[in-house]
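Examination of the molecular architecture
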Protein chains: 2
Amino acid sequence: MISKPWVEKAKSARDYRDETLSKVDPPLEPLPDPLPLSSQDLPKKYLTPREYELTQNYDAIELLEMLRSKKLTSEELTRAFLRRAALAQYAVNCVTELMWDEAVERAKYLDSLPEPIGPLHGLPISVKEHHGMNGKTNHASYVAWIGQPCDRNPLNDYLYDAGCVFYVRTTGPQTLMALECENNIYGRTVNPWNRNLTPGGSSGGEGALVGFRGSVWGLGGDIGGSVRAPASNCGVYGFKPTSKRIPLKGMKHTMDGKDSILATFGPLTQSRETINLFMKVILDNEPWRYDPSLTVKKWTPETLTEPLKIAIEWSDGVVKPHPPMIRALKVVADACKAAGMEVVDWEPYKHDKAWDIVSGLYFPDGGEMILAPLKEIDEPILPLIKFITEEQPNVKNRTMHEYWDLCVERDNYREEYAAHWSKTADSGMEVDVIICPATPGAAPLHDTARYWPYTSQWNLLDFPAAIFPVTFVDVEKDKKEEGYVPMNEQDKYNYDLYEPEKWVGAPVSCCIVGRRNMDEKVMAALEAVEKAMGRK
Amino acid sequence: MISKPWVEKAKSARDYRDETLSKVDPPLEPLPDPLPLSSQDLPKKYLTPREYELTQNYDAIELLEMLRSKKLTSEELTRAFLRRAALAQYAVNCVTELMWDEAVERAKYLDSLPEPIGPLHGLPISVKEHHGMNGKTNHASYVAWIGQPCDRNPLNDYLYDAGCVFYVRTTGPQTLMALECENNIYGRTVNPWNRNLTPGGSSGGEGALVGFRGSVWGLGGDIGGSVRAPASNCGVYGFKPTSKRIPLKGMKHTMDGKDSILATFGPLTQSRETINLFMKVILDNEPWRYDPSLTVKKWTPETLTEPLKIAIEWSDGVVKPHPPMIRALKVVADACKAAGMEVVDWEPYKHDKAWDIVSGLYFPDGGEMILAPLKEIDEPILPLIKFITEEQPNVKNRTMHEYWDLCVERDNYREEYAAHWSKTADSGMEVDVIICPATPGAAPLHDTARYWPYTSQWNLLDFPAAIFPVTFVDVEKDKKEEGYVPMNEQDKYNYDLYEPEKWVGAPVSCCIVGRRNMDEKVMAALEAVEKAMGRK
């Protein structure tokens, strides 16, 4: 029996990946079979103590300081992260390409210079395969696109010019439109905290790698939760800026020119301050001079002097989050109250209607274009992709006039939400930021991440949103709520999934959201919240 | 023979207009028949000396100062402008509704207050009919829409809250997509400097009224030149800000939700500083809190310290402007040089391609939606509307995917133009602003305004652009260029039109353009240029 063409083509990409992994020097010892539920104990065992120390203990800010003060060479650091990334691949299957030779060569070159070439001099950075990179090919997880050339990616260029070392590229889901990370090329990427859970998607490879500490600075993209879901599921920081703050070119995807819902790149990191550095480095380049559609504003950190007014969104009114998420919100709310902030409940505004609008705008052609590369080579559609394109009531093949009508619905909803937010000032101060569930629970079980609105809500509104880790699932504290009567079918689906024993070891994260274009305020508020939580 | 329904309906709007004009108190003496070529001498003859003085001699800034210092009541001022606007209607046919009673009442109310309610306290402001106004109906020059209710118009609300007096509403062309001003309701609006010329469009009623000094502050809108062409043709100031600086709701139009080329409101005024005041008053309201799609930036005047680098666009490389326009550019260029500025030639970048893109994006459905209200009531299509929808090679009924492709072409062109501008820094300083023909000549003869690209270029690029008056057509100086060989059919059409004798009395204006979002810089540069020209 002859294998189908798509199967052969998919294998070629895996072969290429394996070839790049064969460069690991020294090679890694074979991993246990079966692999442990959590991958978190593997690095200590498989890396040298120095590699472990460098990759385990510092965020990007600290590593950059060590590099600048010559306590560390870029080559040593890069080799450590290359080996940890390779280990991550064997543990959780998150790598599409390990860039051993070129990363080491780049690091050596940077080490040879008398002065740093920029603020990221010597820092290893990981990038989602989908984003493309100069001189590489990329396929955006479509088998049909394997081997296609990359476009120029100005964001990567800015980081490169600032002195970074690209060393690894990571996985995404089929079509990129999933909050999990499975495709027909590499299979499934799993969560480094619990392999029965998903790292999320679409920047799932980045989430898994950063959650495994195989990277301190990963690059993802977000149009429905693709930075935030993986960051949340994997217990790391993530940021979806307002669209048009940072450039978005060089990404391979379908439906280019459909700008009714805008994607944005965003970082996944080990610390809040790494996000601030990311934004500063990119915006110092004045990218609006290159892409005139961008907002003309450098990163302008805000100092918040008054006590903050924080609203907690306990539920979006459609699907009640799992108990660990509600506990995490309570941890944050209590810390904020204790620190003297005003903490109120957020009243969600028609989040069900928001999903109708945004899901329709994701695929105004009924999914025709996004599914075309699958049909082209007879690649089978995966269940979650079928779910998001073919099984959504408001995903339809619209006429152009129907499409414009839906854009009007979007604009009206955005204005209604702005009025809803402004109204919070009726009784005193206006709410500064919302703290909400990152997703309807901790990292979902595989093939169950079907409820997007906790993240897609903020894409529809184009609000800046940052993810920060709060706690871990606790089987004792996070018992199932017995006797709960679900509000609807989606709520029942989410409720029925939950059994605390299945979530052992899973991180729980919250999201902090501000009004559109208030990116700096969101990050300043996150600093205040984390300080209230006793963090630095 | 029974009149057609559209004819009856159109008459009802004229009857309404005439009824509002009957309120003029005291009534105006009848005008000469036939009317003189230029309407500029009529006011002195038909208004009282005080009315004439108030409407003839001051800009909005000066009138506001007189109002604030109680040298003048709002009622006296409003009555003067009401009478001059009525005179404008009889002279050039630019009014759809005179708001006598409510304007006088409003003015009296404002005069009765001990303190000004805002920065525009007592100032009469005119508004294009198309924009809508609380409590009124509007039809956007479609017969079928006569009598339809208005949407709320936040821009008008801001001005009202700042203390202005709305006193007159003005004409626009059929469908609003014309650089002239004729429709089947009111007929043709003519130019107050020469009635054989058009005031331009679509804000043609505003252009004519402000050019007649029947208003010091008019409100228009611009998606292809609709503020700039009338401002230029009528010898007044006009400003098209970057889109999304000021709110754009409350306008009646078709194709809502098609946001691939964005319209913006903009002022037509007697002075540059009135534009700055307009922008400040609107942006002091933080309109982004109401419409979250707007840019978050107050009006932030810039001080330009270095000598400016000005590029002169003598021609767009497709259609050569008429001699008066080229002379006007030379007047400005010489003044700038004499003031020590660096003056270079601007190299246009594929302006023909720009028109292909922008014309296609104006009507991606081949004009179906914009023409529907005509068909609904069997209203005849006018020649220039047929020209812009049915006779443009790149106006097609596209599929949604073809539409997205055209949006990609737009984005690519925008980036190429940005790179083209950045490249001017290769040899020293970067060009600060472009000074270019406002349109391919002075105000066009009726039914000949067929070349949009001098204005639509900056809508496609979304660059801020201000119009300023420079000179008047001079039959002696502006002789036809004999022996000129046109570059193409459009160039030949424009060239053949020109006979200086037909343009007696016509103002000639230039346009100053900056990179996207550099609105404040454009206005600062205009100040420098006007000072170089010996103005205040």
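Residues numbered from 1 in each chain as written. Chains lettered and ligands numbered in written order. Predicted model: local features only at pLDDT ≥ 70, side-chain atom pairs only at ≥ 80, totals over all residues. Heavy atoms only, no water.

1. Some remarks on the interface of chain B and chain A
- Listed per partner, the contact involves 36 residues of chain B and 36 residues of chain A.
- Together chain B and chain A conceal approximately 3200 Å² of surface at their shared face, both sides included; 56% is due to carbon and sulfur atoms.
- For the chain B face of the interface with chain A, the top three residues by lost area are Arg289, Met400 and Trp404 of chain B, together amounting to 22%.
- Across the contact surface, chain B and chain A share six salt bridges.
- Asp259 of chain A is the partner of Arg410 of chain B in a salt bridge, and the nearest nitrogen-oxygen pair spans 2.7 Å.
- Put simply, chain B and chain A have 16 residue pairs in polar contact (both at pLDDT 80 or more) between them. (Contact = heavy atoms within 4.5 Å. Buried area = accessible area lost by both parts, 1.4 Å probe. Salt bridge = Lys/Arg side-chain N within 4 Å of Asp/Glu carboxyl O. Polar contact = N/O pair within 3.5 Å; in protein donor to acceptor, adjacent residues only side chain to side chain.)

2. Examining the environment of Ile326 of chain A
Residue and element names in this part refer to chain A.
- Mapped onto the secondary structure, Ile326 falls in helix H11 (residues 323–338).
- We classify Ile326 as partly exposed; its relative accessible area is 24%.
- Each C-alpha atom, one on Ile326 and one on Pro437, is 7.7 Å from the other, the two residues being 111 residues apart in sequence.
- With residues up to four places along the chain from it excluded, the contact list for Ile326 reads Trp314, Lys320 and Pro321. (Helix = DSSP H or I, 4+ residues; strand = E, 2+ residues; numbered from the N terminus. Buried < 20%, exposed > 50% of the residue type's maximum accessible area, 1.4 Å probe, protein only.)

3. Focus: the environment of Leu268 of chain A
Residue and element names in this part refer to chain A.
- With respect to the helices and strands, the residue Leu268 is situated in strand E8 (residues 264–269).
- Classification of Leu268 as buried rests on a relative accessible area of 0%.
- Separated by 51 residues in sequence, Leu268 and Trp217 have C-alpha atoms that sit 6.0 Å apart.

4. Observations concerning the packing of aromatic side chains
All names here are of chain B.
- Within the structure shown, the criterion is met by 46 aromatic pairs over all chains.
- Between the aromatic rings of Trp421 and Phe463, the centroid separation amounts to 5.8 Å while the plane-to-plane angle is 80°, which identifies the pairing as edge-to-face. Of this pair, Trp421 sits in helix H15 (residues 400–422) while Phe463 sits in the loop between helix H16 (453–460) and strand E12 (465–472), and the two are 42 residues apart along the sequence. When sorted by exposure, Trp421 lands in the same class as Phe463, which is buried. (Phe/Tyr/Trp six-rings, centres within 6.5 Å; stacked < 30°, edge-to-face > 60°.)

5. Notes on the packing of helix H3 (residues 49–56) of chain A against helix H5 (residues 74–92) of chain A
All names here are of chain A.
- Where H3 contacts H5, the two axes come as close as 9 Å, and the packing angle between them is 90°. Considering their axes alone, H3 and H5 lie roughly perpendicular with respect to each other. Residue-level inspection shows Arg50, Glu51, Tyr52, Leu54, Thr55 and Gln56 of H3 in contact with H5, the latter providing Glu76, Leu77, Ala80, Phe81, Arg83 and Arg84.
- Residues that form the contact of H3 with H5 fall into these classes: five nonpolar, two polar and five charged. (Axes fitted to C-alpha atoms, helices over the stretch in contact; angles between N-to-C directions. Parallel < 35°, antiparallel > 145°, perpendicular 65-115°, else oblique. Nonpolar A, V, L, I, M, F, W, Y, C, P; charged D, E, K, R; others polar.)

6. Section: the UniProt feature "domain: Amidase" (unreviewed entry) in chain A
- According to UniProt, the positions carrying the feature "domain: Amidase" (unreviewed entry) are residues 76–522 of chain A.
- A helix fraction of 34% and a strand fraction of 14% characterise residues 76–522 of chain A, whose end C-alpha atoms lie 35 Å from each other. (UniProt positions renumbered as here; feature names shortened; annotations may be inferred.)

7. Describing unusual backbone geometry
- Pro26 of chain A follows Asp25 of chain A through a cis peptide bond whose omega is -5°.
- For the bond running from Gly201 of chain B to Ser202 of chain B, omega is 5°, close enough to zero to count as cis.
- Looking at the element boundaries, Ser202 of chain B is found in the loop between strand E5 (187–188) and helix H8 (204–211).
- If you check the backbone angles, Lys70 of chain A has positive phi at about 60° while not being a glycine.
- Mapped onto the secondary structure, Lys70 of chain A falls in the loop between helix H4 (60–68) and H5.
- In this structure, Asn93 of chain A is a non-glycine residue whose phi angle is positive, near 65°.
- By secondary structure assignment, the location of Asn93 of chain A is in the loop between H5 and strand E1 (95–98).

8. Details of the pattern of salt bridges
Residues and elements named next belong to chain A.
- Under the criterion given, the structure shown has 84 salt bridges over all chains.
- For the salt bridge of Asp496 with Lys492, the shortest nitrogen-to-oxygen distance reads 2.7 Å. Residue Asp496 and its partner Lys492 are located together in helix H17 (residues 489–497), separated by four residues, close to a single helical turn.
- A relative accessible area of 44% places Lys492 in the partly exposed class.
- For the salt bridge of Arg535 with Glu530, the shortest nitrogen-to-oxygen distance reads 2.7 Å.
- Using a relative accessible area of 28% as the deciding quantity, one classes Arg535 as partly exposed.
- Overlapping salt bridges, with partners in common, bring together Glu97, Glu102, Lys136 and Arg169 in one network.

9. Considering the sheet that holds strand E7 (residues 237–240) of chain A
Residue and element names in this part refer to chain A.
- If you walk across this open sheet you meet the eleven strands as E1-E3-E2-E6-E8-E7-E12-E13-E11-E9-E10, and the pairing is mixed. Each of the sheet's edge strands pairs with one partner strand only, and the pair in question is E1 and strand E10 (342–345). For this sheet, the mean angle separating the axes of adjacent strands, direction not counted, is 25°.
- In terms of strand pairing, strand E12 (residues 465–472) meets strand E13 (residues 507–513) through seven bridges, oriented antiparallel. Bridged to Ala465 within E13 is Val513.
- Helix-sheet contacts for helix H10 (residues 272–283) involve strand E6 (217–222), E7 and E8, and the interaxial angle to E7 is about 35°.
- Packed on one face of the sheet, helix H16 (residues 453–460) meets E6, E7, strand E11 (433–437) and E13 and runs near 150° to E11. (Pairing = 2+ DSSP bridges.)

10. Observations regarding the domain arrangement of chain A
All names here are of chain A.
- With domains assigned, chain A is organised as domain 1 (22–289) and domain 2 (309–465 + 490–532).
- Computed over C-alpha atoms only, the centres of domain 1 and domain 2 are separated by 24 Å.
- The interface of domain 1 with domain 2 comprises 53 residues on the first partner and 61 residues on the second.
- Counting each side, the surface lost to burial between domain 1 and domain 2 is near 4800 Å², with a carbon and sulfur contribution of 57%.
- Scanning the region where domain 1 abuts domain 2 turns up four salt bridges.
- In this structure, the salt-bridge partner of Arg245 is Glu520, at a minimum N-O distance of 2.8 Å.
- Across the domain 1-domain 2 interface, the total number found is 38 residue pairs in polar contact (both at pLDDT 80 or more).
- Contributing elements (two or more residues each) for the side of domain 1 that touches domain 2: strand E4 (182–183), helix H9 (228–234), E7 and H10.
- Looking at which element gives the most residues to the side of domain 1 that touches domain 2, the answer is H9, with six residues.
- Tallied by class, the residues present in the side of domain 1 that touches domain 2 amount to 20 nonpolar, 21 polar and twelve charged. (Domains from an automatic or database assignment.)

11. Re the UniProt feature "binding site: substrate" (unreviewed entry) in chain A
All names here are of chain A.
- The UniProt feature table records "binding site: substrate" (unreviewed entry) at Leu176, Ser202, Ile223, Gly224, Gly225 and Ser226. A compact arrangement is adopted by the annotated residues: their sequence extent is 51 residues, whereas the largest C-alpha distance between any two is 10.9 Å.
- The class for Ser202 is buried, based on a relative accessible area of 2%.
- Each residue touching Ser202, except ones within four places of it in the same chain, is listed here: Lys128, Thr171, Gly172, Pro173, Leu176, Ala178, Glu180, Gly221 and Ser226.
- One polar contact links Ser202 to Lys128, side chain to side chain, over a distance of 2.6 Å.
- Tracing the chain through its elements places Gly224 in the loop between E6 and H9.

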